[in-house]
Amino acid sequence: MSLEKKDDFDHKGWMKEKDLTPVETTFLTALIWLDTRFRIVDYLEILETLYYRINLQMPKSHTEQYNLDNKFWYWYPLYTLGLFSTLAYIVAAISGALLGFYYAPSTAESGDATVAYEALRYIMTELQFGFMLRSIHRWAAQVMVAAVFLHMLRVYFTGAYKEPRELNWLLGIVLISLTMVFGYTGYLLTWDQLAFWAGQIGVEMSLSIPLAGEWVAQLLFGGFTLTQATLQRMYILHVFLLPFVVTTLIAIHIGIVWVQGIAEPH
Ligand code: HEM
């Protein structure tokens, strides 16, 4: 918008329309339309007040407290590992959703293999760019595990887990664990020899838990041997429960970083 002059306003004090660019007019029209129906401006103001109230109570970082010009640490490249983990997660989620169009979690026989294995054979050898889609999904998953681990190391070595960021560290522990559960449940979906024996190890590990072992094996694997129930549980965990939980936790994790700001090295 150009610098405001007296004759830019009409007799009621409203800015004359000629001064608005088409983008501004579209934005304002949409905002007014939504505001008339959902009072969104009121709610945005409440959120803004809340944000400043919370933010004012946060301990200020060294550069903020002393108003130093040198914001060097905000540009520290290792601070992007969290973002890198998020990006890998988004790529894995999109490619996984596309793979879901062609995969079926069934142990029923199909030729000399199972339906699940056959679906993967189809994706790899017949579906146009199917091999690429599957590779993108596997690579994104591996990159995510590596990025999350490196992100955790950087948080540890810069001391960013210390007060007031303890809760985000604990949330991070939950996130790295769930990232590994994501990897494990996905690994079993191929239902080939590697998957089958990895599943068997999972059952044995669950059974080795004192007292609750049998119950855990039953809950996670649907029994003590690998059956259709096992594959179906891994599938629902991998494509429904985990995406829902992990997406929510990542949003809270990043929300906390947004409110607290990035820590400088302690
Ligand atoms: C799915 C996994 C994860 C995602 C997507 C994620 C994402 C992020 C992002 C985007 C940031 C801000 C930028 C940065 O500092 O890199 C961040 C900060 C942080 N993360 Fe994570 N993170 C994950 C896992 C973890 C783990 C495993 C831990 C530690 C156990 C952790 C602890 C923290 C802490 C304490 C901060 C604040 C750091 C600071 O203020 O300097 N996060 N995370």
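Data block above holds the structure.
I will try to describe carefully the structure that is included in this document.

Rules behind the numbers
Residues numbered from 1 in each chain as written. Predicted model: local features only at pLDDT ≥ 70, side-chain atom pairs only at ≥ 80, totals over all residues. Heavy atoms only, no water. Near = heavy atom within 4 Å. Polar contact = N/O pair within 3.5 Å; in protein donor to acceptor, adjacent residues only side chain to side chain. Nonpolar A, V, L, I, M, F, W, Y, C, P; charged D, E, K, R; others polar. Axes fitted to C-alpha atoms, helices over the stretch in contact; angles between N-to-C directions. Helix = DSSP H or I, 4+ residues; strand = E, 2+ residues; numbered from the N terminus. Contact = heavy atoms within 4.5 Å. Donors = N, O, S within 2.8 Å, 3.2 Å for Na, K, Ca; no water. Tetrahedral: all angles 85-135°; square planar, octahedral: opposite > 155°, others 65-115°. Buried < 20%, exposed > 50% of the residue type's maximum accessible area, 1.4 Å probe, protein only. Salt bridge = Lys/Arg side-chain N within 4 Å of Asp/Glu carboxyl O. Core = buried A, V, L, I, M, F, W, Y, C linked by side-chain atoms within 4.5 Å.

Before going further, it helps to spend a moment on the site of the ligand. Taken together, 27 residues sit near the ligand, with Tyr79, His151, Arg154, His253 and Ala263 positioned nearest. Taking Tyr79, its main chain carries an N or O atom lying 2.6 Å from an oxygen atom of the ligand. Between the ligand and the protein, one listed contact pairs an oxygen atom with a side-chain N or O atom of Arg154 at 2.7 Å. For the shell around the ligand, the per-class residue count stands at 17 nonpolar, eight polar and two charged.

This brings us to the packing of helix H8 (residues 193–207) against helix H9 (residues 213–221). Where H8 contacts H9, the axes come no closer than 7 Å and their chain directions differ by 150°. Here H8 contributes Gly199, Gly202, Val203, Ser206 and Leu207 to the contact with H9, which in turn contributes Gly213, Glu214, Val216, Ala217 and Phe221. Across the contact of H8 with H9, the residue classes tally to five nonpolar, four polar and one charged.

Next up on the list: the coordination of the iron atom of the ligand. By definition of the ideal shapes, a tetrahedral metal site with four donors has angles of 109.5 degrees and an octahedral site with six donors has angles of 90 or 180 degrees. Looking at the iron atom of the ligand, one finds its protein donor set to be His151 (NE2) and His253 (NE2), positioned 2.0 to 2.1 Å from the metal centre. Coordination geometry of the iron atom of the ligand: the six donor atoms subtend angles of 86 to 180° at the metal centre, consistent with an arrangement described as octahedral. Linking His151 in helix H6 (residues 130–157) with His253 in helix H10 (residues 228–260), this pair joins segments that are 102 residues apart in sequence. Here the two residues His151 and His253 agree in accessibility, since each one is buried.

Now for the pattern of salt bridges. Note on pairing: side chains with opposite charge can pair once their charged atoms come close. In the structure shown here, the tally under the stated rule is three salt bridges. Notably, a salt bridge pairs Asp42 with Arg39, separated by 3.1 Å at the nearest N-O pair. For Asp42, a relative accessible area of 33% translates into the label partly exposed. Take Arg39: its relative accessible area is 46%, and that puts it in the partly exposed class. Glu126 is the salt-bridge partner of Arg121, the closest N and O atoms lying 3.2 Å from each other. The structure contains a network of salt bridges with shared partners spanning Glu118, Arg121 and Glu126.

By the secondary structure assignment, Leu78 is in the loop between helix H3 (62–65) and helix H4 (81–99). Classification of Leu78 by relative accessible area gives partly exposed; the value is 39%. Expressed as a C-alpha distance, the spacing of Leu78 and Val155, which sit 77 residues apart in the sequence, is 9.3 Å.

Here we take up the nonpolar core. In this structure, Tyr103, Leu188, Leu189 and Leu231 are the most contacted members of the largest nonpolar core, which totals 15 residues. Those elements that provide at least two residues to this core are helix H5 (115–125), H8 and H10. Apart from residues lying up to four places away in sequence, Tyr103 is in contact with Ala116, Ala119, Leu120, Leu189, Leu231 and Tyr235. Core analysis: the second largest hydrophobic core is formed by 13 residues, Met144, Leu171, Leu175 and Leu249 among them.

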